[in-house]
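A structural walkthrough
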Amino acid sequence: MFFRMGVKSKAAVAIVVLLLLLGSLWLQGGLDYHWESCLKGYDQQNKHHHLHNCSGPTAPGGTHVLKECLGQNFQVSMLLSHLLASPAYSSDVLMQPYLSSWDELVKFMGALGPVVGLISKEIQTKTNIIRELALLSEKSPEAEMVPDEHLTGLNSQDAIQSGLDPLNHNRAYHSVHSMIQSELNRGVVDFHRPTDSGCRTLLRLHRALLWLRLFLEKLAEMSESGRLRSPAELCRESYQNTLSKHHTWLVRRAAELAFIAMPERGFFFRLVCVGNQQELNVVLTKVVRAIDEVYNRTQKALDENGMLDLP
């Protein structure tokens, strides 16, 4: 009976089902954990001011390499700019541009409609968690300064040339490595039960980034036969190969239904300001390559510390 319904009816059903079943379960892998209680005192307006990293004009890759899309909230040029500014040193990732990349990805998902927009709100909750932890660490002297092997021997001039603030490059939440080391030293990461740690939150964002990376890669693919698969099909396939592995059966079924409401391909052309599939391929390939660098560095850091399966 469901398959006889029209597209609009299916979309409406998808929205209702997702609102009822997904919610905060999306990135938690079915975990109904009480993150909401951690966010009651958050300062949403100042969420960008507490991570002492540099992603300004002097940061590598800090300039816009793609044109601005006029009249819309999501800017693919800003996304790429933040992604390119995230890698630092030989294998680290700066937290401020990393989270700023997620700010743009949240806008991207929000533009896809209420179904995916609900998922984006859960992701935004997680970026706010890390930002708030960074703010709290500044108020806690024992968590503020964290020596990091990536920063050892880095003098002030080296820091400036690397686009860093020499006074703040060893803050606890400056980078992925410094956050992991700080939270391990303070014993806030539990490998057996959920805790309100930045590492656990980062892992959930990391998993979601792989899903979006795969979706964007598939969306960028050219077709030799001339037939391009629908974004709904591509997003569902990307989900099945990534996030679904961490979700319960109920959440997986709800997600499968939700992707039916995904916009058609022409919408994505307009979203990134291109006119055809070839131009979309060029733009999204740049984004995917930048995501790969950030993802691989984060994956290595989490893996080296046994954090890829944090509950």
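Everything in this summary refers to the structure shown in the same document. Per-chain numbering applies: the sequence of each chain, read as written, is numbered from 1 onward. Two thresholds apply to this predicted model, a pLDDT of at least 70 for residue-level local features and 80 or more for giving and counting side-chain atom pairs, whereas whole-chain, interface and lining totals are computed over all residues. Side-chain metrics in this entry use all non-hydrogen atoms of the structure; hydrogen atoms and water are not considered.

**Digging into the overall build of the chain**
In this text, helices come from DSSP runs of H or I with a minimum length of four residues, and strands from runs of E with a minimum of two, each type numbered from the N-terminal end. Looking only at helices and strands, the chain has 13 helices and two strands in total. The buried share of the chain, taken over its 311 residues, is 53%. Taking as baseline every contact in the chain between residues at least 6 positions apart, the subset at least 24 positions apart corresponds to 74%. Note on areas: these come from Shrake-Rupley sampling with a 1.4 Å probe, and a residue is covered only by the protein chains present in the view. Of the roughly 14300 Å² of accessible surface on the chain, a fraction of 54% belongs to carbon and sulfur atoms. Only protein chains enter the area calculation, which uses a 1.4 Å probe; residues under 20% of their type maximum are buried, those over 50% are exposed, and those in between are partly exposed. Contacts: residue pairs with any heavy atoms within 4.5 Å of one another.

**Some points on helix 10 (residues 231–240)**
Among the residues of helix 10, Pro231, Ala232, Leu234, Cys235, Ser238 and Tyr239 are the ones counted as buried. Across the axial projection of helix 10, the buried residues extend over an arc of 165 degrees, all falling on one side. As used here, the arc belongs to the directions running from the helix axis to the C-beta atoms.

**Considerations on the pattern of salt bridges**
Take a side-chain nitrogen of Lys or Arg and a carboxyl oxygen of Asp or Glu: if they are within 4 Å of each other, that pair is a salt bridge. One pass over the full model with this rule turns up ten salt bridges. Taking the shortest distance from any N to any O, the salt bridge between Lys218 and Glu237 comes out at 2.5 Å. Placement of the pair is Lys218 in helix 9 (residues 198–220) and Glu237 in helix 10, with a sequence separation of 19 residues. Here Lys218 falls in the buried class, since its relative accessible area comes to 13%.

**Concerning the nonpolar core**
Here, nonpolar core means buried Ala, Val, Leu, Ile, Met, Phe, Trp, Tyr and Cys residues that are tied together by side-chain atoms lying within 4.5 Å of each other. With 68 residues, the main nonpolar core has Tyr98, Trp102, Phe108, Trp211 and Met262 as its most contacted residues. Per-element accounting of this core gives the leading share, twelve residues, to helix 9. Ignoring any residue separated from it by four or fewer positions in sequence, one finds Trp102 in contact with Met109, Ile123, Thr127, Leu205, Ala208, Leu209 and Leu212.

**Considering the state of the cysteines**
Such a bond, covalent and formed between the sulfur atoms of two cysteines, is termed a disulfide. The disulfide criterion is simple: two cysteine sulfur atoms within 2.5 Å. Evaluated as defined, the whole model comprises one disulfide. Each sulfur in the disulfide pair Cys69 and Cys273 lies 2.1 Å from the other. Highlighted residues: Cys69 in the loop between helix 2 (25–28) and helix 3 (76–85) and Cys273 in the loop between helix 12 (265–271) and helix 13 (277–304), separated in sequence by 204 residues. For Cys69, a relative accessible area of 1% puts it in the buried group. For Cys273, a relative accessible area of 23% translates into the label partly exposed.

**Some points on the environment of Ser101**
Within the element layout of this structure, Ser101 appears in helix 4 (residues 95–110). On the basis of relative accessible area, Ser101 is assigned to the buried category, the value being 3%. Expressed as a C-alpha distance, the spacing of Ser101 and Ile291, which sit 190 residues apart in the sequence, is 9.4 Å. If we ignore the near neighbours within four places in the chain, the residues touching Ser101 are Leu79, His82, Leu83 and Ser86.

**Description of the packing of helix 3 against helix 4**
To obtain each axis, a line is fitted to C-alpha atoms, and for helices this fit is confined to the stretch in contact; angles are then taken between N-to-C directions over 0 to 180 degrees. Helix 4 packs onto helix 3 with a crossing angle of 160 degrees between their chain directions and a minimal axis gap of 8 Å. In terms of orientation, helix 3 lies roughly antiparallel with respect to helix 4. Taken as a pair, helix 3 and helix 4 cross one another with a handedness that is left-handed. Facing helix 3, whose interface residues are Met78, Leu79, His82, Leu83 and Ala85, helix 4 presents Pro97, Ser100, Ser101, Glu104 and Leu105. Working definition: roughly parallel below 35 degrees, roughly antiparallel above 145 degrees, roughly perpendicular at 65 to 115 degrees, and oblique for all remaining angles. Each crossing gets its handedness from the near helix: less than a right angle anticlockwise from the far helix is left-handed, clockwise is right-handed.

**Section: the side chain of Glu104**
For Glu104, the position within the fold is in helix 4. Since its relative accessible area comes to 5%, Glu104 is described here as buried.

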